[in-house]
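The primary structure of each chain is shown beneath.
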Amino acid sequence: QDYSFRFQSSDPAGNPNFEFQQGWTETLKEMSDGNVVVELLPVGSIVDYKETQDAVGAGIIDGHITDTSYFAGKDPAFGLIANPVGAWSDPSEMIDFVENGGGAELMNELLNPYGLEFIGVSTPGLEAFVSKVPLDGVADLEGLKVRNPEGLIANVFRAAGAAPVNLPASEVYTSLDKGVIDAADYSVFSVNQEVGMNEVATHPVYPGFHSLPLIEVSMNKAKWDALPEDVQDMFKASVKEFQQTQINALKERDLAAIEEAKAKGDVTIHDWPAEERAKFRGIARGEWEKVASQSEMAQKVYDSLNAYLESKGLIK
Amino acid sequence: MSAVLDFAAIGIGPLTLWMFGLMVALLLTGMPLAFVTLLVALVFAVLGYGTMAVPIITSRIYTFVESFVFVSVPMFVLMAALLDRSGIARDLFDAMKLIGGRLRGGVAVQTIFVAVVLAAMSGIIGGEIVLLGMIALPQMLRQGYDRKLAIGVVCAGGSLGTMVPPSIVLIIYGLTANVSIGDLFTAAFIPGFMLAMFYVVYILVLSYSRPNIAPPPDPVPMPGAEKIKLLKGLILPLLVVFFVLGSIYAGIASVTEASAVGVGGVLLSTVLRGEFSLKMLRDSAMQTLATVGMIVWIGIGATALVGVYNLMGGIRFISELMTGISDNPTVIVLVMMAILFVLGAFLDWVGIALLTMPIFVPIIKTLGLDPVWFGVLFAMNMQVSFLSPPFGPAAFYLKSVAPPDISLGEIFRSLLPFIALQVLAVGLLIAFPGITGR
Amino acid sequence: MSELAKRVAPEAGRLGRIIDKGGYVFAAGIVLAAGILLLEVFLRYVFNSPTLWAHETTTFLCGLAFLYGGLFCVARNSHIRVVLIYDAIGPRARRWLNVAISILSLIASGFFAFASWIMVSKAFWTPTGDFRMETSGSAWNPPTPALVKGFLLLMLIAMALQFLILAFNYLRAPADRASETDV
Ligand code: NA
Ligand code: NA
């Protein structure tokens with residue numbers, strides 16, 4: 001083998017997302033006849049998920065596959081581009097924005113100064129919202145104690161009248177179980193179902209109205225620049241294949257998990273009507289503007305997002 | 001400075017041996033444990049990857065100290081320091097003697113029950129051992145219990161926090177293996193209680209079979225008024241326990257927050273008893289700082305070592321160990337247990353989970369074994385790792401608060417029978433998976 | 001109680017005494033953290049209005065106390081160690097062992113201080129050199145990551161200095177003095 005790299009994922013080892021990411025390393029190996037080998041390490045192996053950007057930039061690890069919003073603390077623009085809450089109603093829209101609507105160029109403009117090169121995008125899809133109480137619209141969010149991870153999302157929930165509680169992922173399950181919180185922004189339906197979130201919070205909202213994360217595959221820029229063009233092309237092509245596999249397979253798994261949940265009968269799945277989703281989107285957009293004013297790059301992301309959404313007729 | 005040695009050429013196997021060798025050698029010099037592991041991590045990072053790899057260590061230190069779940073450690077320690085300075089702890093144990101006094105070893109048995117109650121209040125270990133080490137250990141010694149038994153009861157009982165739900169070990173396992181955390185908690189309940197019962201049986205057998213292990217029961221019947229006075233000592237501690245457990249199980253506080261509810265409860269108790277003073281609070285807080293400084297820096301050293309070891313290819317090494325050993329599922333599980341025992345001697349459980357779970361869990365699933373049962377087995381195995389030398393966190397936590405004349409060597413010697421009981425529990429879980437109720 | 005009876009090690013010098021006094025600030029931080037958590041539980045359960053800041057503030061205060069606690073134990077010489085051989089050897093050999101341990105720890109702290117400087121520079125400045133403190137990225141978004149990383153750097157520098165002073169004083173002190181402060 002001519003090239004070997006070490007990437008760290010932001011997902012734990014047995015999580016389906018991690019399995020798809022490992023599938024990507026297999027695809028890349030096959031495409032290159034075994035010449036490009038990526039060793040993928042699970043979350044926290046070498047550094048914490050919030051520290052991988054620094055580690056990739058410094059060349060300690062070669063690359064990462066991660067939710068870009070984890071770096072919102074470095075520049076709010078990361079939070080806005082990774083999860084413009086309410087902007088997307090289908091993975092294909094977000095991916096088209098990144099691949100054809102200027103998103104990839106923005107990602108590189110953001111990442112290059114930190115010593116990273118953006119290779120490609122994926123997403124687990126539209127997440128399902130975990131809730132103990134029935135939620136059928138924005139009005140039901142009033143006073144809802146909801147756990148949010150970092151990024152724009154908590155601000156949006158606050159603006160929508162909810163009471164965001166800041167808890168780490170490891171405390172979500174017990175807090176939901178005992179009722180410390182009413183709801184949580186956690187993961188896609190199938191993962192929520194598998195780790196038992198829907199057992200303790202039996203009113204999931206699917207499809208979610210809140211989150212469609214941008215998962216970036218990126219690597220150390222100097223190492224990327226040193227690669228011959230054909231290897232770079234293989235990286236990009238294999239990430240594209242991974243993206244399609246992940247989106248399609250997770251969608252299937254979600255549907256299967258929904259059937260399973262329905263068959264069990266103890267879970268009530270809620271689906272918001274279009275006007276309620278639009279209402280939430282409207283609140284979210286107000287928060288985008290606030291974020292846009294926080295940094296030069298965030299403004300750029302905001303302008304670019306709006307231009308794209310307008311050109312596609314997704315906003316008026 | 002760039003890499004000095006070619007780690008790929010040396011191979012991860014020999015490097016692992018070198019790493020352990022250096023660690024043991026440095027430990028024996030009397031260098032503080034926290035700095036031994038930090039120094040070993042540093043040496044291997046620099047030799048294999050150059051100075052540019054050192055930020056891995058500082059980055060892991062930062063992450064470790066900024067983790068919300070560890071907030072409960074200083075809370076438990078503060079609770080312990082306050083209980084110790086007030087008369088509550090002494091009254092509690094005198095009252096316990098009243099209930100368990102008819103039984104040889106009764107107070108030690110009750111300490112295990114206290115430990116189980118504490119375990120139901122906390123998801124991590126550290127805090128409870130410190131608490132029991134400050135409260136139960138001196139009281140048992142005062143009442144004439146055998147030192148080794150008292151030490152073992154505190155360390156083994158105090159480790160139950162990750163076996164009895166809620167448990168961070170089971171949560172992390174559930175998130176890693178993608179299995180239901182609720183199922184894990186349910187499945188761990190009986191095995192956790194079983195382990196506690198092993199300790200109880202061991203205490204009783206030892207107390208009745210050998211002299212001088214536990215104080216003999218008091219033959220003189222106590223006057224009723226005296227009894228009631230003693231029983232009053234139970235009221236406030238029981239109220240604190242009630243509020244903490246109640247706040248968790250009624251959904252008022254998260255597990256970490258509940259530890260602060262405990263601090264509040266104990267503080268209030270000292271006020272009600274008229275024992276509160278600013279000096280007491282200040283001294284307790286200072287002791288908390290000194291104790292968590294020791295505990296946390298041991299954890300910092302361990303996390304640094306794991307980061308560097310993963311960089312060296314630790315996960316690949318475990319995977320190599322597992323390839324082609326056997327087709328027999330029992331043999332495979334036993335090999336996994338052996339690997340966990342060996343790693344448990346040198347690493348902390350977070351590191352062990354990081355190293356082994358990516359390899360073990362897919363194998364378990366492929367073999368058609370129940371990943372929930374395996375999760376409970378893993379948690380049981382980590383009980384062993386808390387006690388086993390040379391890296392036995394439970395021993396270090398106790399050492400941080402034990403009277404100075406109790407050495408680490410004595411603590412580890414005291415733990416051997418308890419380790420045997422834990423290994424027995426692991427064996428039973430493998431032989432009879434039905435214990436998990438699945 | 002054993003821990004309070006133990007004061008700062010004589011070999012730690014004036015710096016050690018300053019570190020010991022400074023402990024009050026961070027010990028108070030732990031008590032404050034407990035109070036904040038209680039307040040959060042109260043506000044959330046009774047008034048259904050959880051704060052945005054309680055958990056992050058608590059973690060921040062405890063993080064500072066954890067880091068300072070390490071330095072505090074260096075100054076008190078109370079970090080846990082295995083004294084199997086250390087206790088068996090004579091006072092002369094033990095004195096040299098103390099010197100060697102202090103110097104090795106000094107080197108390690110020095111390396112880590114250097115490495116954390118790299119981390120701190122990324123947390124306080126953008127890649128283009130503009131000053132900006134790394135924030136947590138939460139809804140409250142405080143600059144705690146930058147502050148804790150900066151504090152870690154300070155602690156490592158102080159630790160290196162403390163080990164330097166310890167090495168120097170062990171080297172200077174008569175052999176019997178060196179054995180008085182062991183765990
Ligand atoms: Na527990
Ligand atoms: Na161990």
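Everything quoted here is computed from the prediction, not taken from an experiment.

Some points on a nonpolar patch on the surface
Turning to step 1, where the next piece is worked out: Taken together, the side chains of Met1, Val4, Leu5 and Ile10 of chain B make up a nonpolar region of the molecular surface, amounting to roughly 370 Å² of accessible area.
Turning to step 2, where the next piece is worked out: Mapping Met1 of chain B onto the fold places it in the segment before helix H1 (7-10).

Focus on the interface of chain C and chain B
Turning to step 1, where the next piece is worked out: With 63 residues of chain C in contact, the opposing surface of chain B contributes 64 residues.
Turning to step 2, where the next piece is worked out: Between chain C and chain B, the buried area comes to about 5700 Å², and carbon and sulfur atoms account for 81% of it.
Turning to step 3, where the next piece is worked out: At the junction of chain C with chain B, the criterion picks out 1 salt bridge.
Turning to step 4, where the next piece is worked out: One salt bridge in this structure joins Glu257 of chain B and Arg44 of chain C, with 2.7 Å as the shortest N-O distance.

What about the sheet that holds strand S2 (residues 36-41) of chain A?
All names here are of chain A.
Turning to step 1, where the next piece is worked out: Judged by pairing direction, the sheet is mixed, and its 5 strands sit side by side in the order S2-S1-S3-S9-S4 without closing on themselves. In this open sheet, the two edge strands, each paired with only one partner strand, are S2 and strand S4 (116-122). If you compare each strand with its neighbour and ignore which way they point, the axes differ by 25 degrees on average.
Turning to step 2, where the next piece is worked out: In the sheet, strand S3 (residues 63-67) pairs with strand S9 (residues 215-220) via 5 bridges, with the strands oriented antiparallel.

Comments concerning the coordination of the sodium ion (ligand 1)
Residue and element names in this part refer to chain B.
Turning to step 1, where the next piece is worked out: For the sodium ion (ligand 1), the full set of protein donor atoms is Ala119 (O), Ser122 (O), Gly161 (O), Val164 (O) and Pro166 (O), at a range of 2.2 to 2.4 Å.
Turning to step 2, where the next piece is worked out: Positions of the donor residues of the sodium ion (ligand 1) along the chain correspond to the pattern A-x2-S-x38-G-x2-V-x1-P. Separated by 47 residues along the polypeptide, Ala119 in helix H7 (residues 106-119) and Pro166 in the loop between helix H9 (147-158) and helix H10 (168-177) bring together distant segments of the chain.
Turning to step 3, where the next piece is worked out: Classification of Ala119 as buried rests on a relative accessible area of 0%.
Turning to step 4, where the next piece is worked out: Exposure remark for Pro166: the relative accessible area of 6% places this residue in the buried category.

Digging into the domain arrangement of chain B
Residues and elements named next belong to chain B.
Turning to step 1, where the next piece is worked out: Splitting chain B by domain gives domain 1 (1-66 + 297-311) and domain 2 (67-276 + 312-436).
Turning to step 2, where the next piece is worked out: A C-alpha centroid distance of 29 Å is found between domain 1 and domain 2.
Turning to step 3, where the next piece is worked out: Domain 1 puts 26 residues into the contact, and the matching count from domain 2 is 18 residues.
Turning to step 4, where the next piece is worked out: Roughly 1900 Å² of surface becomes buried between domain 1 and domain 2 when both sides are summed, with 78% attributable to carbon and sulfur atoms.
Turning to step 5, where the next piece is worked out: Inspection of the region where domain 1 meets domain 2 yields 0 salt bridges.
Turning to step 6, where the next piece is worked out: The interface formed by domain 1 and domain 2 contains 9 residue pairs in polar contact (both at pLDDT 80 or more).
Turning to step 7, where the next piece is worked out: Contributing elements (two or more residues each) for the side of domain 1 that touches domain 2: helix H2 (12-28), helix H3 (33-49), helix H4 (55-65) and helix H14 (278-311).
Turning to step 8, where the next piece is worked out: Residues that form the side of domain 1 that touches domain 2 fall into these classes: 20 nonpolar, 4 polar and 2 charged.

Description of the interface of chain C and chain A
The extent of an interface is frequently quoted as the accessible surface area lost upon association of the parts.
Turning to step 1, where the next piece is worked out: On the chain A side, the residues contacting the 19 residues of chain C number 22 residues.
Turning to step 2, where the next piece is worked out: Counting each side, the surface lost to burial between chain C and chain A is near 1800 Å², with a carbon and sulfur contribution of 49%.
Turning to step 3, where the next piece is worked out: Put simply, chain C and chain A have 2 salt bridges between them.
Turning to step 4, where the next piece is worked out: When the shortest N-O distance is used, the salt bridge between Glu134 of chain C and Lys74 of chain A registers 3.7 Å.
Turning to step 5, where the next piece is worked out: Viewed at the interface, chain A and chain C are joined by 8 residue pairs in polar contact (both at pLDDT 80 or more).
Turning to step 6, where the next piece is worked out: Of all elements in the fold, only helix H3 (54-76) and helix H4 (91-124) of chain C reach the threshold of two or more residues within the side of chain C that touches chain A.

Some thoughts on unusual backbone geometry
Leave glycine aside and you will find that most residues have negative phi; peptide bonds, for their part, are mostly trans.
Turning to step 1, where the next piece is worked out: Here the bond from Pro165 of chain B into Pro166 of chain B is cis, since omega is -5 degrees, no more than 30 degrees from zero.
Turning to step 2, where the next piece is worked out: The linkage connecting Pro389 of chain B with the following residue, Pro390 of chain B, adopts the cis geometry, with an omega of 0 degrees.
Turning to step 3, where the next piece is worked out: With respect to the helices and strands, Pro390 of chain B occurs in the loop between helix H18 (371-387) and helix H19 (393-399).
Turning to step 4, where the next piece is worked out: A positive phi angle, close to 55 degrees, is found at Asp33 of chain A, a residue other than glycine.
Turning to step 5, where the next piece is worked out: Tracing the backbone shows Asp33 of chain A in the loop between helix H1 (16-31) and S2.

Thresholds applied
- Residues numbered from 1 in each chain as written.
- Chains lettered and ligands numbered in written order.
- Predicted model: local features only at pLDDT ≥ 70, side-chain atom pairs only at ≥ 80, totals over all residues.
- Heavy atoms only, no water.
- Patch = residues over 30% accessible without salt bridge, like charges linked within 9 Å, V, L, I, M, F, W, Y side chains within 5 Å.
- Areas by Shrake-Rupley, 256 points an atom, 1.4 Å probe, with all protein chains shown as cover.
- Salt bridge = Lys/Arg side-chain N within 4 Å of Asp/Glu carboxyl O.
- Helix = DSSP H or I, 4+ residues; strand = E, 2+ residues; numbered from the N terminus.
- Contact = heavy atoms within 4.5 Å.
- Buried area = accessible area lost by both parts, 1.4 Å probe.
- Pairing = 2+ DSSP bridges.
- Axes fitted to C-alpha atoms, helices over the stretch in contact; angles between N-to-C directions.
- Donors = N, O, S within 2.8 Å, 3.2 Å for Na, K, Ca; no water.
- Buried < 20%, exposed > 50% of the residue type's maximum accessible area, 1.4 Å probe, protein only.
- Domains from an automatic or database assignment.
- Polar contact = N/O pair within 3.5 Å; in protein donor to acceptor, adjacent residues only side chain to side chain.
- Nonpolar A, V, L, I, M, F, W, Y, C, P; charged D, E, K, R; others polar.

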